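Single-letter residue listing:
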Amino acid sequence: MHPLWCASMLIADTEVPFEQRELGFKALILHDILEDTSLELPEWVEPEVKEVVKELTFDDFQQAIEQYPSKTPFIKLLLLYDKLSSMYERHVGITGKTEDIRATKRRLWKELVLKGIEEVEKEYGNIRIVQVGKVIAENTDW
């Protein structure tokens, strides 16, 4: 559900330019294939989409934090959907219980989400993911 949530939230936000929504939707649907499986992206995936997926792929959370500042505003937008969704999912959890994630990682994760919200708002304005992000971040005990 995570990739679908990320992609659906982006494609529905008409304040984001259509070309970015279209490319971002395709990349967000596929974004966890390289990170969470041993699979490669299918041959039919467009080269531009493959490049975006690679930009969204990290070996671990530490690498994500280190590489975040060098990402383009568009990639930061997509990362906000990804990290915010994961933060929300991990807070609530599939079972309805807060999942056990180390306090240090939760703090760093929330800092990354808040930084993403700030940077995306500066670049794109008060779009839906910024609004949703603020509510989730403010009401999550991370």
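Before any of the text, the structure's been laid out above.
All figures in this text were calculated on a predicted structure; none of them were measured in a lab. (Residues numbered from 1 in each chain as written. Predicted model: local features only at pLDDT ≥ 70, side-chain atom pairs only at ≥ 80, totals over all residues. Heavy atoms only, no water.)

1. Re the overall build of the protein
Alright, step 1. When you go through the protein residue by residue, the secondary structure sums to eight helices and zero strands.
Alright, step 2. Taken from the N to the C terminus, the helices and strands of the protein come in the order α-α-α-α-α-α-α-α.
Alright, step 3. Expressed along its principal axes, the backbone C-alpha trace of the protein runs to roughly 40 × 35 × 30 Å.
Alright, step 4. Across the 142 residues of the protein, 42% fall into the buried class.
Alright, step 5. Look at the contacts in the protein between residues 6 or more apart in sequence, and 57% of them connect residues 24 or more apart.
Alright, step 6. As displayed, the protein has an accessible area near 8200 Å², and 52% of this comes from carbon and sulfur atoms.
Alright, step 7. Averaging the positions of the 18 positive and the 27 negative side-chain charges in the protein gives two centres separated by 4 Å. (Helix = DSSP H or I, 4+ residues; strand = E, 2+ residues; numbered from the N terminus. Buried < 20%, exposed > 50% of the residue type's maximum accessible area, 1.4 Å probe, protein only. Contact = heavy atoms within 4.5 Å. Areas by Shrake-Rupley, 256 points an atom, 1.4 Å probe, with all protein chains shown as cover. Lys, Arg positive; Asp, Glu negative; His and termini not counted. Charge placed at Lys NZ, Arg CZ, Asp CG, Glu CD.)

2. Points about the environment of Arg-107
Alright, step 1. With respect to the secondary-structure elements, Arg-107 resides in helix α7 (residues 103–124).
Alright, step 2. Judged by its relative accessible area of 42%, Arg-107 falls in the partly exposed class.
Alright, step 3. C-alpha of Arg-107 to C-alpha of Glu-40: the two residues are 67 residues apart in sequence and 32 Å apart in space.

3. Focus on the packing of α7 against helix α8 (residues 128–138)
Alright, step 1. Interhelical geometry of α7 versus α8 gives an angle of 150 degrees and a closest axis separation of 10 Å. Here α7 lies roughly antiparallel to α8, going by the angle between them. Judged by the twist between their axes, the crossing of α7 over α8 is left-handed. Of the residues in α8, those in contact with Lys-110, Leu-114, Ile-117, Val-120 and Glu-121 of α7 are Ile-129, Val-130, Gly-133, Lys-134 and Ala-137.
Alright, step 2. Across the contact of α7 with α8, the residue classes tally to six nonpolar, one polar and three charged. (Axes fitted to C-alpha atoms, helices over the stretch in contact; angles between N-to-C directions. Parallel < 35°, antiparallel > 145°, perpendicular 65-115°, else oblique. Left-handed = near helix turned anticlockwise from the far one by under 90°. Nonpolar A, V, L, I, M, F, W, Y, C, P; charged D, E, K, R; others polar.)

4. Examining the side chain of Arg-21
Alright, step 1. One can find Arg-21 in helix α2 (residues 18–30).
Alright, step 2. Of the polar contacts made by the side chain of Arg-21, one reaches the backbone oxygen of Ile-11; its length is 2.8 Å.
Alright, step 3. What Arg-21 contacts, discounting residues up to four positions off in sequence, is Leu-10, Ile-11, Asp-13, Thr-14 and Val-16. (Polar contact = N/O pair within 3.5 Å; in protein donor to acceptor, adjacent residues only side chain to side chain.)

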